[in-house]
Amino acid sequence: MYESVPHAGGVLHNYVNGQFVSSDTTFANINPVDGSEINQVAEANADTVDAAVTAARQALEGDWGKMTLEARCALLHRVADGIEARFDEFVAAEMADTGKSFEQARTIDIPRGAANFRIFADLVKSQSSECFQTPTPDGRGALNYAVNKPLGVVAVIAPWNLPLLLLTWKLAPALAAGNTVIAKPSEETPATATLLAEVMHEVGMPVGVFNLVHGFGPGSAGEFLTAHAGVDAVTFTGESKTGSAIMKAAADGVKGLSFELGGKNAGIIFDDCDFDEAVNGTARSVFTNGGQVCLCTERLYVQRSIFDRFVEALKQKAEAINIGWPLDENTDMGPLISHKHRDKVLSYFDGAKADGAKVITGGGVPVFGDARDGGAFVQPTIFTGLAENARIVREEVFGPVCHITPFDTEEEAVALANNSNYGLAATVWTSNLQRAHRVAQQMEVGIAWVNTWYLRDLRTPFGGVKLSGVGREGGVHSLNFYSEPTNICIKL
Ligand code: NAD
Ligand code: 6OD
């Protein structure tokens, strides 16, 4: 498997001003399945980041700024073609960096990487602008309309859980709207972003339009970027506390910000639901990608009349999950992203037990008796019995775990679900149509699913309230964020 991973044993470079550039400092890229080193990564220093910002600024004023919308969109479709042409390499790289299953990388992560370019290349062609006929005292009137211009140089900072999907989710609309970008993937998952730089190069993206810098957050490429005076806007996906640090760094330049942050998402299961669908859907919403999706459900509220039956059914689902090698076609769940993250998740498990939780299943580390014992695996885990102020019920764990609490009335369920500092997503399971609308509309979140989870239409608004984010992306919301409308007022 490792022989087929692009750049295995080599060095992943930064991509600045149309060239792959190395660095005096490198760091190791580790495969979380067995703890082995995949390759080294060139860490961008402040000068490299500065060169990337300069290149991006120059590109705005060069060929890219002069390119027609049609030509820009055609180029973005060629980027999607380029990802698809090297599909197997992208899949192998994503699996090696994250340990996620072949099935997930093949059906979700990499296809969405290509789809993000296609949808925004198409949507931007129908981006509209406002137009008003304005009365004036002399009766002649005025015509007000707006033209959309790019924001300028945009920093795109991405997390490790869905590396290509989440990087391109912001990169594609930024480019479609005519901006130039500096992308910084997570230090944990540098590989598919590097392959993307190769694709950009191969399809002839004008020099400086797309730049890639590798590194960490504080004191490294992330901080150099967010504090750089030449960056006009920062679009970020990651932890809420990182969002707060970026907001402070970006304050001096009064930069535009779009944040998709953490979640502590609730699932409400009413006793009138389709029981099997609710169990299957909830298992998916808790354990997909090892629980490392910001939209995953970590708090479950189940109506008391079906509580014991539901807990038992979800336990059986959790225990049937195959944990293992990414390439094994039977694998449902891989390791967590790193040993450091596993330590954090396990500390939440220990805290829950110390707080008196009942362990329904899991709560520890699986033992394989092979090289996977060097990996960052944890067991799918379910707890019950804790009060709502317990740490594991309040804080985002970002692992394959949920806590289940019974409720009696609809009002109680709504209050419990909304009792959170976060507000990203909620899931409601019910067969009662009126209740579905009533409850979904009361959820204090950016997205509420009813009888499904993570069903996406990329044109819809996506984001969070409270600690879960600032602004909305998706469809026209993305294009609006990455555009600067200028109002033209013409006296008639
Ligand atoms: P993270 O915040 O640790 O890191 C995200 C990115 O920010 C990385 O590229 C990192 O290097 C960079 N970074 C870290 N500190 C920085 C700083 N001070 N300045 C500039 N850049 C900095 O997040 P993570 O651990 O990679 O991802 C997991 C988190 O992301 C979870 O909290 C999850 O909920 C959240 N997330 C949210 C969404 C969403 O759409 N709302 C999607 C995916 C992940
Ligand atoms: O599907 C998406 O567009 C998206 N932004 C998903 C976020 C997942 C969080 O981990």
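These figures come from a predicted structure and were not determined experimentally.

Points about unusual backbone geometry
Here is step 1 of the chain: Look at N289: it is not a glycine, yet its phi comes out positive at around 55 degrees.
Here is step 2 of the chain: Tracing the backbone through its elements, the reader meets N289 in the loop between helix 10 (275-287) and strand 14 (297-303).
Here is step 3 of the chain: Residue K466 is not a glycine yet carries a positive backbone phi of 50 degrees.
Here is step 4 of the chain: By secondary structure assignment, the location of K466 is in strand 21 (residues 465-466).

Comments concerning the site of ligand 2
Here is step 1 of the chain: Around ligand 2, the structure places R112, N161, L162, L166, W169, E260, V293, C294, L295, Y454, R456 and F462.
Here is step 2 of the chain: Expressed as a share of its isolated accessible area of 300 Å², the protein-covered part of ligand 2 is 99%.
Here is step 3 of the chain: The two domains that each donate at least three residues to the shell around ligand 2 are domain 1 (11-261 + 468-491) and domain 2 (265-456).

Quick notes on the sheet that holds strand 4 (residues 26-30)
Here is step 1 of the chain: Strand order in the open sheet formed by three strands is 1-5-4, with mixed pairing between adjacent strands. Looking at strand neighbours, the two that pair on one side only are strand 1 (11-12) and strand 4, the edges of this open sheet.
Here is step 2 of the chain: In this sheet, strand 5 (residues 37-42) lies alongside strand 4 in antiparallel orientation, the contact comprising five bridges. Paired with F27 across the two strands is V41, which belongs to strand 5.

Comments concerning the site of ligand 1
Here is step 1 of the chain: As a structural note, the neighbourhood of ligand 1 is formed by 30 residues, with A158, E187, T242, L261 and E396 the closest of them.
Here is step 2 of the chain: Measuring from an oxygen atom of ligand 1, one finds a backbone N or O atom of A158 at 2.8 Å.
Here is step 3 of the chain: In the environment of ligand 1, an oxygen atom lies 2.5 Å from a nitrogen or oxygen atom belonging to the side chain of E396.
Here is step 4 of the chain: Protein burial of ligand 1: of its 850 Å² of free accessible surface, 92% is covered by the chains.

Structural notes on the sheet that holds strand 15 (residues 358-361)
Here is step 1 of the chain: Pairing within the open sheet is mixed, and its seven strands lie in the order 15-16-17-14-13-19-20. Two strands lie at the open edges of the sheet, namely strand 15 and strand 20 (447-450), each paired on one side alone. In this sheet, neighbouring strand axes are inclined to one another by 25 degrees on average, regardless of whether the strands run parallel or antiparallel.
Here is step 2 of the chain: When strand 19 (residues 425-429) meets strand 20, the two strands line up parallel, connected through four bridges.

Parameters at a glance
- Residues numbered from 1 in each chain as written.
- Chains lettered and ligands numbered in written order.
- Predicted model: local features only at pLDDT ≥ 70, side-chain atom pairs only at ≥ 80, totals over all residues.
- Heavy atoms only, no water.
- Helix = DSSP H or I, 4+ residues; strand = E, 2+ residues; numbered from the N terminus.
- Near = heavy atom within 4 Å.
- Areas by Shrake-Rupley, 256 points an atom, 1.4 Å probe, with all protein chains shown as cover.
- Domains from an automatic or database assignment.
- Pairing = 2+ DSSP bridges.
- Polar contact = N/O pair within 3.5 Å; in protein donor to acceptor, adjacent residues only side chain to side chain.
- Axes fitted to C-alpha atoms, helices over the stretch in contact; angles between N-to-C directions.

Keep in mind these values describe shape, not function.
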